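Structural overview for review
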Amino acid sequence: MIKTFKDRHGFARADITLANWRTAPYSRWTFQNVRDLVPTAVIAAEVPAAEVPLASDAFLDAAMETGLAGAASARAFLDFAHTDAFVMMRRGEIVAEYYAPHADPDAPHLVFSISKSLTAVVSGILEAEGLIDPDRPVTDYLPEAKGSVYGDCTYRDVLDMRVSLDFEEAYLDPHGAFARYRRAMLWNPPEPDIAPETLASFLVTLQKAERPHGGPFYYASPNADLLGVVIERVTGARFSDLASDLLWKPMGAKGNADITVDAIGTPRTAGGVSMTARDLARLGELLRNHGVRNGRQIVPEGWIRDMQENGDREAWREGRNVDLPNGRYRSQWYQSGEADGAFCAIGIHGQWLYVDPSTETVIVKLSSQPEPLGDEENQDVFSFFRALCRRAI
């Protein structure tokens, strides 16, 4: 007897549209099958290979203080937090994994704004090659940005989210600039009688707010899409090919990643990357090891050191959007500002990459949390990660 899509997932494939694909219950499937809905480009691994998850019942079910009332084990916390995939590494070895019943360990999962952090790593490699200077004006790379918000800011302002941008990250607003942004990236259905835009053409319509550039941290996804446009302009190469050749293959990724693209192939570098949990953990481990794998310097050590040690703390305090009271933001990465030196990349709907150098731990949590900023705002995710890092292995 044929098992239908609805038998497997609880809803019919025809029920999923561009208007609802990021909502529950559909997101349990769509976040691992984005390429079925939005055009994508492949970030190729050297030799893609299926992987066998590590049996981790003893670790997941052991009693621990998770920071969440009523959740007395890692599994209880992960279940509550709509987790699709969880990987924990210690000193480069996977020590625990979890996959929800609906999750495929080998399926690339959308990581949303963790894409920004990966994009910045590629940018850092290009900086070391002399192709990008963060202190130069954006218009040196994109003359057409003159007259827009990006007409008088530096590439560093963009990297550190210190652009004075008149734009609100309104995830649930069906109208306005954010909805227009999502139509341009092909994540939302077109609107009748509204002319379509490309992602790059949308970016140069954005305008400056009243404050100067270089002020408080102001999180805005279009900044990270601009990074992708600049990267493709200065190299003359597709971002997906660069990410594959400069990072994905050298770091030993076992699966192909994907990135969504607009109608003319512009990459959604702010939020369109999908990858497996294990490969995301490998990226964290590469950075924990100062950019070196098998004796080869893949990501410049100086760029990683700058990312970990710099970033304006006062700018963060004035504008932070994540519960890191002592934190900083540098090159699209969050710094804890704590003695453990932890840093992380975060995406909406519950996507996390957390690196704790002090305990040599890397944690990945990929999720289909129903609201962009919902359940996990009501719990201390950082407390959970810190508790995991303290656990003896």
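This is a predicted model, so every value here is computed, not measured. In every chain, residue numbers begin from 1 and rise along the written sequence. It should be noted that, the model being predicted, local features are given only for residues of pLDDT at least 70 and side-chain atom pairs only at 80 or more, the latter also being counted only at that level, while totals for whole chains, interfaces and linings use all residues. Side-chain descriptors were evaluated using all non-hydrogen atoms of the structure, hydrogens and water having been removed beforehand.

**Here we look at the pattern of salt bridges**
Put simply, a salt bridge is a Lys or Arg side-chain nitrogen that is within 4 Å of an Asp or Glu carboxyl oxygen. For the coordinates displayed, the defined rule picks out 24 salt bridges. A salt bridge links Arg 330 to Asp 160; the nearest nitrogen and oxygen atoms lie 2.9 Å apart. A residue pair is termed long-range when its members are at least 10 positions apart, and Arg 330 in strand β9 (residues 328-330) and Asp 160 in the loop between α6 (155-159) and α7 (176-184) qualify at 170 residues. With a closest N to O distance of 3.7 Å, Lys 249 and Asp 245 form a salt bridge. Classification of Lys 249 as partly exposed rests on a relative accessible area of 28%. The classification of residues rests on relative accessible area computed with a 1.4 Å probe and restricted to protein chains. Under 20% of the type maximum is buried, over 50% is exposed, and intermediate values are partly exposed. According to the relative accessible area criterion, Asp 245 is partly exposed, its value standing at 46%. Strands here mean DSSP runs of E at least two residues long; helices mean DSSP runs of H or I at least four residues long; both are numbered from the N terminus.

**Focus: the sheet that holds strand β3 (residues 93-99)**
Pairing is antiparallel across the open sheet formed by seven strands, whose spatial order is β3-β2-β13-β12-β11-β10-β9. Across the chains shown, the open sheet's two edge strands, defined by having one partner strand only, are β3 and β9. Between one strand and the next, the sheet's axes are offset by a mean angle of 15°, whatever the strand orientation. Pairing between strands is defined by DSSP: at least two bridges between the two strands are required. Two elements, strand β12 (residues 351-356) and strand β13 (residues 361-367), share five bridges in a ladder whose sense is antiparallel. Bridged to Val 355 within β13 is Val 362. All axes are obtained by fitting lines to C-alpha atoms, using only the stretch in contact for helices, and the reported angles, taken between N-to-C directions, cover 0 to 180 degrees.

**What about the packing of aromatic side chains?**
Any two rings among Phe, Tyr and Trp, with Trp reduced to its six-membered ring, count as a pair given centres within 6.5 Å; such a pair is stacked if its planes are under 30 degrees apart, edge-to-face if over 60, and tilted if neither. For the structure on display, the rule yields 24 aromatic pairs. Ring geometry for Phe 77 and Phe 384: centres 3.8 Å apart, planes at 15°, overall stacked. One end of the pair, Phe 77, is in helix α4 (residues 74-80); the other, Phe 384, is in helix α14 (residues 381-390), and 307 residues separate them in sequence. Each member of the pair, Phe 77 as well as Phe 384, is classed as buried. Look at Phe 217 and Trp 316: their rings are 5.0 Å apart centre to centre, the planes differ by 55°, and that puts the pair in the tilted class. Taken together, the residues span a long stretch of sequence, with Phe 217 in the loop between α8 (199-203) and α9 (221-235) and Trp 316 in helix α13 (residues 313-319) at a distance of 99 residues. The two residues Phe 217 and Trp 316 agree in class, both being buried. Pairwise contacts between aromatic rings join Phe 77, Trp 352, Tyr 354, Phe 382, Phe 384 and Phe 385 into one cluster. The rule is short: NZ of Lys or CZ of Arg within 6 Å of the ring centre and within 35 degrees of the ring normal puts a charge over the ring. Just above the ring of Tyr 218 sits the side chain of Arg 211; from NZ or CZ to the centre is 4.5 Å. It is Arg 391 that lies over the ring of Phe 59; its NZ or CZ is 3.9 Å from the centre.

**Here's the deal with the sheet that holds strand β1 (residues 40-43)**
The antiparallel open sheet is built from four strands, whose spatial order is β1-β5-β6-β4. Sheet topology places β1 and β4 (109-110) at the edges, where each strand pairs with a single neighbour. Relative to strand β5 (residues 257-260), β1 runs antiparallel, the two being bridged by four bridges. Note that in β5 the partner of Val 42 across the bridge is Asp 258.

**A short note on the pairing of strand β2 (residues 83-90)**
Most of β2 is tucked away: eight of the eight residues are buried. Pairing between β2 and β13: seven bridges, direction antiparallel. Within β13, the position partnered with Met 89 by the bridge is Val 362. With six bridges joining them, β2 and β3 adopt antiparallel strand pairing. Note that in β3 the partner of Met 89 across the bridge is Ile 94. Hairpin connection, β2 to β3: the antiparallel pair is bridged by two residues, and Arg 91 has positive phi, about 55°.

**Some remarks on the nonpolar core**
Tyr 150, Leu 247, Val 299 and Leu 388 are the most contacted members of the largest nonpolar core, which totals 128 residues. With near-sequence residues (within four places) excluded, Val 299 lies in contact with Val 121, Ile 125, Leu 247, Leu 286, Leu 287, His 290, Gly 291 and Ile 304. Among buried residues, the Ala, Val, Leu, Ile, Met, Phe, Trp, Tyr and Cys ones that are joined through side-chain atoms within 4.5 Å form a nonpolar core. Residues are treated as being in contact if the distance between any of their heavy atoms lies within 4.5 Å.

**A few points about α9**
Each residue after the first adds 1.5 Å to the expected span of a helix. With 15 residues, α9 should cover 21 Å at 1.5 Å per step; its first-to-last C-alpha distance of 22 Å lies within 8% of that length. A large share of α9 lies buried, amounting to eleven of its 15 residues. For α9, the full list of buried residues reads Ser 221, Pro 222, Asn 223, Ala 224, Asp 225, Leu 226, Leu 227, Gly 228, Val 229, Val 230 and Ile 231. Contact partners of the buried residues in α9: α5 (114-128), α6, α7, α8 and α10 (239-248). Immediately beyond the C-terminal end of α9, within one or two residues, lies Gly 236, with a positive phi of roughly 70°.

**Some words on the packing of α5 against α9**
Their axes nearest at 10 Å, the elements α5 and α9 cross at an angle of 35°. Where α5 crosses over α9, the handedness of that crossing is left-handed. Contacts from Lys 116, Thr 119, Ser 123 and Leu 126 of α5 reach α9 at Ser 221, Ala 224, Leu 227, Gly 228, Ile 231 and Thr 235. Residues were grouped as follows: Ala, Val, Leu, Ile, Met, Phe, Trp, Tyr, Cys and Pro as nonpolar; Asp, Glu, Lys and Arg as charged; and all remaining residues, including Gly, as polar. When grouped by side-chain class, the residues that make up the contact of α5 with α9 number four nonpolar, five polar and one charged. The crossing is said to be left-handed when, going from far helix to near helix, the turn is anticlockwise and less than a right angle, and right-handed when the turn is clockwise.

Taken by themselves, the reported measurements are silent on function.
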